[in-house]
Amino acid sequence: MNDSSSARPAAVLDVWCELQCPDCRSALDDLRALRARYGDRLELRLRHFPLEKHKHAFAAAQAAEEATEQGQAWPYIEAVLGRVEELNRQGEPFLIETARELGLDAEEFDTALIDGRHILIVDADQAEGKAIGVTGTPTYVIGGERLDGGKSQEGLRERIEEIADRLLAEQEA
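Note that the coordinates shown come from a computational prediction; the quantities given were computed from them, not determined experimentally.

**A few points about the overall build of the protein chain**
A count of helices and strands for the protein chain gives 9 helices and 4 strands. Taken from the N to the C terminus, the helices and strands of the protein chain come in the order α-β-α-β-α-α-α-α-α-α-β-β-α. For a compact globule of 173 residues, the expected C-alpha radius of gyration is about 16 Å, and the protein chain comes in at 16 Å, within 12% of that figure. With the principal axes as the frame, the protein chain shows a C-alpha extent of 50 × 45 × 25 Å.

**Brief notes about the packing of helix 2 (residues 22-38) against helix 9 (residues 156-172)**
For the pair helix 2 and helix 9, interaxial distance at closest approach is 11 Å and the crossing angle is 25°. Taken together, helix 2 and helix 9 sit at an angle that is classed as roughly parallel. Helix 9 is crossed by helix 2, and the crossing has right-handed handedness. For the pair formed by helix 2 and helix 9, the contact residues are Asp29, Asp30, Ala33, Leu34, Arg37 and Tyr38 on the first element and Arg157, Ile160, Glu161, Ala164, Asp165 and Leu168 on the second. For the contact of helix 2 with helix 9, a count of residues per class yields 6 nonpolar, no polar and 6 charged.

**Regarding the sheet that holds strand 2 (residues 42-48)**
Spatially, 4 strands are ordered 2-1-3-4 in an open sheet, and the strand pairing comes out mixed. The open sheet terminates on both sides in strands that have one partner only, identified here as strand 2 and strand 4 (145-148). Neighbouring strand axes in the sheet, compared pairwise and without regard to direction, differ in orientation by 20° on average. Along the sheet, helix 8 (residues 119-131) contacts strand 1 (11-17) and strand 2; its crossing angle with strand 2, the most-contacted strand, is approximately 100°.

**Some details on the pattern of salt bridges**
Within this structure, the stated rule accounts for 22 salt bridges. Between Arg32 and Asp29 there is a salt bridge; the shortest N-O distance is 3.1 Å. Pair noted here: Arg32 and Asp29 are both in helix 2, with a separation of 3 residues, about one helical turn. For Arg32, a relative accessible area of 37% gives the class partly exposed.

**Some words on the pairing of strand 3 (residues 139-142)**
Taking every second residue as pointing to the same face, both faces of strand 3 are buried, with Thr139 and Val141 on one and Tyr140 and Ile142 on the other. Summarising the sheet, strand 1 and strand 3 pair through 4 bridges and their orientation is antiparallel. Directly across from Leu13, in strand 3, lies its bridge partner Ile142. Examined bridge by bridge, strand 3 and strand 4 share 4 bridges and lie antiparallel to one another. When the bridges of strand 4 are listed, Thr139 appears paired with Asp148.

**Remarks on empty space enclosed by the protein**
Evaluated as defined, the whole model comprises 1 cavity of 30 Å³ or more. There is about 40 Å³ of room inside the largest cavity. Together, Cys17, Glu18, Leu19, Leu46, His48, Phe49, Pro50, Ala57 and Ala61 line the largest cavity. Going through the elements one at a time, strand 2 and helix 3 (57-69) are the ones with two or more residues in the lining of the largest cavity. Tallied by class, the residues present in the lining of the largest cavity amount to 7 nonpolar, 1 polar and 1 charged.

What counts and what doesn't
- Residues numbered from 1 in each chain as written.
- Predicted model: local features only at pLDDT ≥ 70, side-chain atom pairs only at ≥ 80, totals over all residues.
- Heavy atoms only, no water.
- Helix = DSSP H or I, 4+ residues; strand = E, 2+ residues; numbered from the N terminus.
- Rg over C-alpha atoms; globule rule 2.2 N^0.38 Å.
- Axes fitted to C-alpha atoms, helices over the stretch in contact; angles between N-to-C directions.
- Parallel < 35°, antiparallel > 145°, perpendicular 65-115°, else oblique.
- Left-handed = near helix turned anticlockwise from the far one by under 90°.
- Contact = heavy atoms within 4.5 Å.
- Nonpolar A, V, L, I, M, F, W, Y, C, P; charged D, E, K, R; others polar.
- Pairing = 2+ DSSP bridges.
- Salt bridge = Lys/Arg side-chain N within 4 Å of Asp/Glu carboxyl O.
- Buried < 20%, exposed > 50% of the residue type's maximum accessible area, 1.4 Å probe, protein only.
- 1 Å grid on protein atoms, 1.4 Å probe; cavity = no way out; pocket = protein on both sides within 12 Å on 5 of 7 lines; lining within 4 Å.
- Points joined across faces, edges and corners; volume = space filled by probe spheres on them.

Distances and angles like these do not, on their own, reveal function.
And the structure:
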């Protein structure tokens, strides 16, 4: 049976994030809770917004794209975000080692960081973020509403759930 309605998520949450950001790490629990609550009904899209103050953030964004290509986007993102201090200290070798720990093709990560094959995606995300007013991370966009989590995560998950519930209800109506 080809039911195309189940193939499309009813709501999309864009998470403007960078993998060297301690605030993004604290957002991980909220993201896990949202994924557990909504499953496939809410599409969580990581959007890259590397900040200049974090010198390994741009490489980490490219590495996340390589992990996406190898089918392990979220496990990789969570592994890197969970160890921000190690990324701060070690930089690219840490990104490659994390790929190896997850059973990914670490050599391909190394090559991707050298040849820059994912730079355009990262640049496009960053440009789009700037265009819609993203200034820090994490920033969430759902249902046309922008929520800035860079200053405080307080109450944001509840607000995202309110909007997601409304979008899903509208979809089912």
